[in-house]
Amino acid sequence: MDLSTTYMGLKLRSPLVPSASPLSQRLEDLQKLEEAGAGAVVMFSIFEEQIHHDAEALDHLMSAGAESFAEALSYFPDLGAYQVGPEQYLDLVHRASQRLSIPVIGSLNGMSPEGWIGYAKRIEEAGARALELNVYYIATDPGQDGASVERMYEDVVRAVCAAVSIPVAVKIGPFFSSIAHMARRIERAGAKGLVMFNRFYQPDFDLDEMEVRSDLHLSSPTEMRLPLRWIAILHGRVGLSLAATTGVHSGLDAVKMILAGADVVQVCSALLRNGIGHLRTMQQEMEVWMADKEYESVAQMRGAMSQRAVANPAAFERANYIRILEEYKSRYTIA
Amino acid sequence: MDQSKIVIMDGNEAAAHIAHKTNEVCAIYPITPSSNMGEWADQWSAEGRTNIWGTVPIVIEMQSEGGAAGAVHGALQTGALATTFTASQGLLLMVPNMYKIAGELTPTVFHVSARTVATHALSIFGDHSDVMAVRQTGFALLASASVQEVMDLALIAQAATLESRVPFVHFFDGFRTSHEVQKIELVDDDQIRAMIPDELVIAHRRRAMNPDRPVLRGTAQNPDFFFQARERANPFYAACPGIVQSVMDRFARLTGRSYHLFDYHGAPDAERVIVLMGSGAETVWSTVRAMNAAGEKVGVVRVRLFRPFSTDAFVAALPRTVRAIAVLDRMKEPGASGEPLYQDVVTALGEHAMAGRLPYALPRVIGGRYGLSGKEFTPAMVKAVFDELAKPEPRNHFTVGIRDDISGTSLEYDPTYIIEPDNVVRAMFFGLGADGTVGANKNSIKIIGEETEMYAQGYFVYDSKKAGSRTVSHLRFGPDPIASPYLIESANFVACHQFVFLDQIDMLRYAKPGAVFLLNSSPWKPEEVWDHLPRKVQEDIISKRLKFYAIDGSRVAIEAGMGGRVNTIMQTCFFAISGVLPREEAIEKIKASIRKTYGRKGEEIVQKNFRAVDMTLDRLREVPVPAAATATRDLPPPVSHEAPAFVREVLAPILSGRGDELPVSAMPVDGTFPTATAQWEKRNISLFVPVWDAELCIQCGNCSLVCPHACIRAKRVPPEALVGAPAGFPSAEWKDRERPGLQYVLGIAIEDCTGCALCVEACPKKSKEQVGRKAINMAEKEPIHAAGRAWWEFFLRLPDTDRRELDLGSVRDLQFARPLFEFSGACTGCGETPYVRILSQLFGDRALIANATGCSSIYGGNLPTTPWCVDAEGRGPTWSNSLFEDNAEFGLGFRLTIDKHREFAMEMLQRRRDEIGPELVDALSSSPQSTEAEIAAQRARIAELMKILARMDDPEARRLEAVAGHLVRRSVWMLGGDGWAYDIGYGGLDHVLATGRNVNVLVMDTEVYSNTGGQASKSTPRGAVAKFAASGKPAGKKDLGMMAMCYGNIYVARVALGANPRQTLQAFLEAEAYDGPSLIIAYCHCIAHGINMQKGLDQQKLAVQSGHWPLYRYNPALAAHGRNPLIIDSKPPAIPVRAYAYNETRYKMLAMARPDEAERLMQLAQADVDQRWKLYQRWMAADETQPAGAQAG
């Protein structure tokens, strides 16, 4: 059975790819992911903002109170160089690229144009075989229109793609007026892959302390519907490699994504919840299903249930919505 | 000067450089102003820097200077090259070992940044009282006068000690030379090697203790031969000066810098000569040059080698024309016939004259004192001394630099005598500690010193406050070496980095006519600033024809992302307008230097500084100066007119920077000062202050409980007390069913607040409509300043709550107990002072406090003002600091007095029982005084007793009157930090606790030596970075509480106010009530932890939750009732240690610099916590069934 796939020109042995997550923070875990059958691995995201924040905090807290009081002109010894920049991250990318035989994909969340380009280059230099741009942007300014947000995405993608020679994927959120159009613009800006969708951290309220809590909860399988639809719609309509992410918890979920048209299926919450070994289970589930349905390769499956391939393309569109509502009403409404 | 060897450094670094290069063992202990030498050595060894033999010296921190000297002694005895660095009391603690080291003819050099020895008061500043106190030990004393000399003579001392076998103290003036930044020439490794012959090192090793060729040393000897043995060393001392001179000559051949035992400079035919040593000699030399140029026949003898004192070399150094000599000593020896150098000079001349070997007529010799505790010593004072020498009957045993209107010792001097050459740029910068001014100026010196041919000098003056402290930077740049070790008196550039200083400091008095004045005009724009200047400032600008530049610097800082740090901005302005360097070149160099300084901390920091530079050049403006002053606003008085006379007449001049002008008569004779003086200072250092929302408030008392500066107070008063309140004075109905009808008021001292916002953090009440708003919120001060001041003044006049009504164990009631510790100079958000304030609220009116040297002695007792204060009856804590190491013993002495005097009083009462009245005597003798009501009743009885005694006319009545006060239960407290309790004072503390006497110890545990800049103590936890533990503290934290518990009869509590305030109060009350020794170990977050101080209380919670800081009380009184004395007040560890630790820079910086080592230590730290919790559980289970944590609330 041939599980191999091609993602942005990279030949992968499996479509199952652990997405950017805490599991890529240690080399040992990366090696375990490889052993568990991962086709590639996406490193956790380096956040330009976080780097700046760490640098600022270190500078501020180390110098607070210094040169103020005669007996204590400083409060800390000088340890020389501090890894406040991306060095630690780049070092890990470098070591992982050396040690692993599967491609290591860097992930970057920039803030400034210099940050996007500068860090992208350094991730490439560190040995990453591809780069995922984690464009995490929440437009809160009522004065900013959607067009300018889209332009910003496009500019970032174009700038980074011009700066590096490794393939670049863009991880987007679902909040665009026209996702299909956005995908095309991203492609035209030079990207080779599209990752759908980013799960933005959502705030929650602590009702005891009356405070806003920003914690991350793991995805649930129902969340995969959204990427499933858009993978199915975009498959065959854009030249981008498609990566599905969010809500993929089992091998059967992965099968669905591939049938919709995904070139790779990214997994995160399921591994955090069940451990790295779950990746192998997922692969086995896929293989069982494929054997059952007599599929010989992932390539054969890919897009088999995309919008263009299914008998009722409207299932992915608004008409589908009406049908669901009707079904719902007939099931739950007492006549 | 060899440009390739140019370095910019201060004296401490220069000494440490040679010491680290020429030694194998450095045993160190922090003490100001020498700590930096040890810090450099420690850092260099941590970085792997080697000595000249290619091996990295061992640097070890000891528990005290006595310990350091002992370790050095042992290392020397076994053949290592060993050194130490110290000053002041530290050197005194080394004295016993110094006698031994010298008696055994052991080569070593102790590098000493000479500092005042504490007498009537402590002083961190420089004079020679410490080094003069070791002149009898047998150590040679070699004095350096400048930073270059420090480096040179440090090496000369090292070479000379190896050759002579006489140990050396190499000293230089603390807080002058030690901290003066100068451009000097480095002595490189090859030169050092050429000065230190290997054969001498090997000879030292051959003399070492070695079991392969055993010897016996350190013996006991009897009267029959001790004396002879002592005299046996004479030839070594006789040879020593000659050896030193030959080493100096060798050094001169290597470097071109020539030194002599006594260096004479001045007119070859001088008639008047000053003899002195240390940095003052530079000032005299500069003045001599100026006076010689004016045709005066004067000269100076600079003493290098003070011990052994070569009388021959001294006599030979003087010009044969000499007629009168003034010997200046930078110390005071009360009762002596003269200070030490004076006596040696007199003896040298006298002996030579008596022996007929004086090659000139015996000159007149006078001696004088100058520069005690770093008092300025200027050319004007030098001139006064020379003028005195010209008189037919010059005054002997004079002082210079002060006005002695009591004993008449002082010489008059003309402060307008200034000899600064025109080609020297003299710049003064008035800044805040927090705005980065000093750092930027040090940077400017590096830029100019390293990258141009110019010479540079920097000296920095700090005030003694830790929050909102002011700094004054004195920078000189010029084409010739700068030998002016005194503050600038006439500046051609004056910069004011904070607009508010214009109201507080008369800085333009230093500006010479035509000088440049640069002002950070924020909050005003340069275009509008003129009208906002005080009248005096306007007048000075006009009359001195100053060129006035301004920039809205704080706004630029905010816009550039620099926060409150205007350093880069003001530095850029300096380079843009001072003309020290061509403007373009200067800006380029600033940027290069920014990259060098901040590059390691991340590119963003570099870029924001670059932005600041560019924006500055765009926004700097020259302000047109009108012909006449227009302002109507004058400088406000430094203190209120309502302040007591002593405050107005003595403290106020000190506060306004005119302390030097106070005469001797203004000073108390014995160092005794009044308390309750901080209230007059009104520092107004925070732009943001808390504002109370009376309606929202639930009156819990948390805000006042956590306020480090006692700026938030509560009172509950009858409504009629509020009649006449100023407009808008907030109050609310007191929400308590027991005492209905009262009004609750919260007073906020907005002029004393430091803006830490801990109160807001601690407030539990959020607005229902807007949860970000609490019952107390920070607001901009300026709009509410006038009203807030009026409210506070009215609040103070409201009556205090009767202490008898209060349950002092409850946070809610404690807020009504008046703090007798207020407005200290501690850091913004200090973690220590809330405990001190609580102590003062609970027991202050009957407390005697012994305070170990450290942060608490500085914010508690660094004059001019003190936060310790009094209640409405005038009672309050009486406070003293003895030393660092002896605080427990010092406090025990208080207890012994009280116990004795109480016993003595009781004896007298019993003897006079019938006369005084049996009922009164019995009541006085038997009152338990365990409640506030009982204490009040006892005070009333004593008042009654005093009345009766007043009517009795016999000596015993007078004797009883003198001690009867101790019939009120006294509360003896020993306060100090972990440096004291865990390290230097531990032996004494242990002994005092073991005496079983009723004393109370409060250890404010910041887990480092906070006051001296964060050196590791035995309390420092594993994995935390501290000075002297630059690679992360490898060993675990000492469990002081557990050690004390082992005695069984000591009350021990471990508390953290932020985690459990009620437990803290309980511990204080139980400790004080316990009739025996009590030890409270209090977690204190600290600026040296590298945290956001506003979150200090949260960090305390995490410390407890992680198990790093378990809360417990061990009360032996419970054992008497058959209960387990140990009660664990915190729950089992619920979060990993790293979740607590990595909020703090002291841990995180190691993870950022050496992640693998950080991880290893963090795992061990976790194991420490886990094991200790198990141990406590076992202790709990030892004789009880109660599991640990069962009491957790």
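J.: Looking at this structure, I do not really get the sheet that holds strand β26 (residues 732-733) of chain B. What am I missing?
T.: Backbone hydrogen bonds are what pair the strands of a sheet, in a parallel or an antiparallel way. All names here are of chain B. Pairing is antiparallel in the open sheet, where three strands are placed in the order β25-β27-β26. Taken across any chain shown, the strands that pair with only one partner, and hence form the sheet edges, are β25 (712-717) and β26. When β25 meets strand β27 (residues 743-748), the two strands line up antiparallel, connected through six bridges. Residue pairing for β27: Val717 is matched across the bridge by Gln743.

J.: Looking at this structure, how should I read the domain arrangement of chain B?
T.: Many analyses report the size of an interface as the accessible area lost when the parts associate. Taken as a whole, chain B is organised into domain 1 (3-207 + 223-254), domain 2 (260-411), domain 3 (425-622), domain 4 (673-817), domain 5 (893-967) and domain 6 (1007-1183). Relative placement of domain 4 of chain B and domain 5 of chain B: their C-alpha centres are 39 Å apart.

J.: Just checking my understanding: could you explain the pairing of strand β35 (residues 1051-1055) of chain B for this structure?
T.: Moving residue by residue along a regular strand, the side chains alternate between the two faces of the sheet. All names here are of chain B. For β35, a buried count of five out of five residues is recorded, marking the element as mostly surrounded by other parts of the structure. Taking every second residue as pointing to the same face, both faces of β35 are buried, with Tyr1051, Ala1053 and Val1055 on one and Val1052 and Arg1054 on the other. In the sheet, β35 pairs with strand β36 (residues 1078-1083) via five bridges, with the strands oriented parallel. Note on β36: the bridge partner recorded for Ala1053 is Ile1080.

J.: Which parts of the structure should I look at to understand the interface of chain B and chain A?
T.: The partner chain A presents 31 residues to the 39 residues of chain B that form the contact. Looking at the side of chain B that touches chain A, the elements with two or more residues in it are α2 (35-46), α15 (437-451), α22 (603-619) and α42 (1145-1153) of chain B. When residues of the side of chain B that touches chain A are assigned to their parent elements, the largest contribution, four residues, is made by α42 of chain B. Broken down by class, the residue content of the side of chain B that touches chain A amounts to 17 nonpolar, 13 polar and nine charged.

J.: Any chance you could explain unusual backbone geometry here in plain terms?
T.: A negative phi angle characterises most non-glycine residues, just as the trans form characterises most peptide bonds. Cis geometry marks the peptide bond from Met196 of chain A to Phe197 of chain A, where omega comes out at -5°. With omega at 15°, the peptide bond leading from Ser522 of chain B into Pro523 of chain B counts as cis. Turning to its location among the elements, Pro523 of chain B is positioned in the loop between β21 (511-520) and α17 (526-529). Of note, the phi angle at Asn684 of chain B is positive, near 50°, even though the residue is not glycine. Residue placement: Asn684 of chain B occurs in the loop between α23 (645-655) and β24 (688-692). Residue Asn684 of chain B is classed as partly exposed on the basis of its C-beta count, with 18 C-beta atoms lying within 10 Å.

J.: I'm lost on the sheet that holds strand β8 (residues 193-196) of chain A in this one. Help?
T.: Residues and elements named next belong to chain A. The parallel open sheet is built from eight strands, whose spatial order is β3-β12-β11-β8-β7-β6-β5-β4. A strand with exactly one partner marks an edge of an open sheet, and here the two such strands are β3 (16-18) and β4 (41-47). Neighbour to neighbour, the strand axes of the sheet diverge by 25° on average, direction disregarded. The strands that helix α4 (residues 113-126) touches are β4, β5 (104-109) and β6 (130-134); relative to β5, the one it contacts most, it runs at about 165°. Set on the sheet, helix α7 (residues 225-234) makes contact with β8 and β11 (241-244); between it and β11 the angle comes to about 165°.

Quick notes on the rules
- Residues numbered from 1 in each chain as written.
- Chains lettered and ligands numbered in written order.
- Predicted model: local features only at pLDDT ≥ 70, side-chain atom pairs only at ≥ 80, totals over all residues.
- Pairing = 2+ DSSP bridges.
- Helix = DSSP H or I, 4+ residues; strand = E, 2+ residues; numbered from the N terminus.
- Domains from an automatic or database assignment.
- Buried ≥ 20, exposed ≤ 12 C-beta atoms within 10 Å, placed from the backbone.
- Contact = placed C-beta atoms within 7 Å.
- Nonpolar A, V, L, I, M, F, W, Y, C, P; charged D, E, K, R; others polar.
- Axes fitted to C-alpha atoms, helices over the stretch in contact; angles between N-to-C directions.

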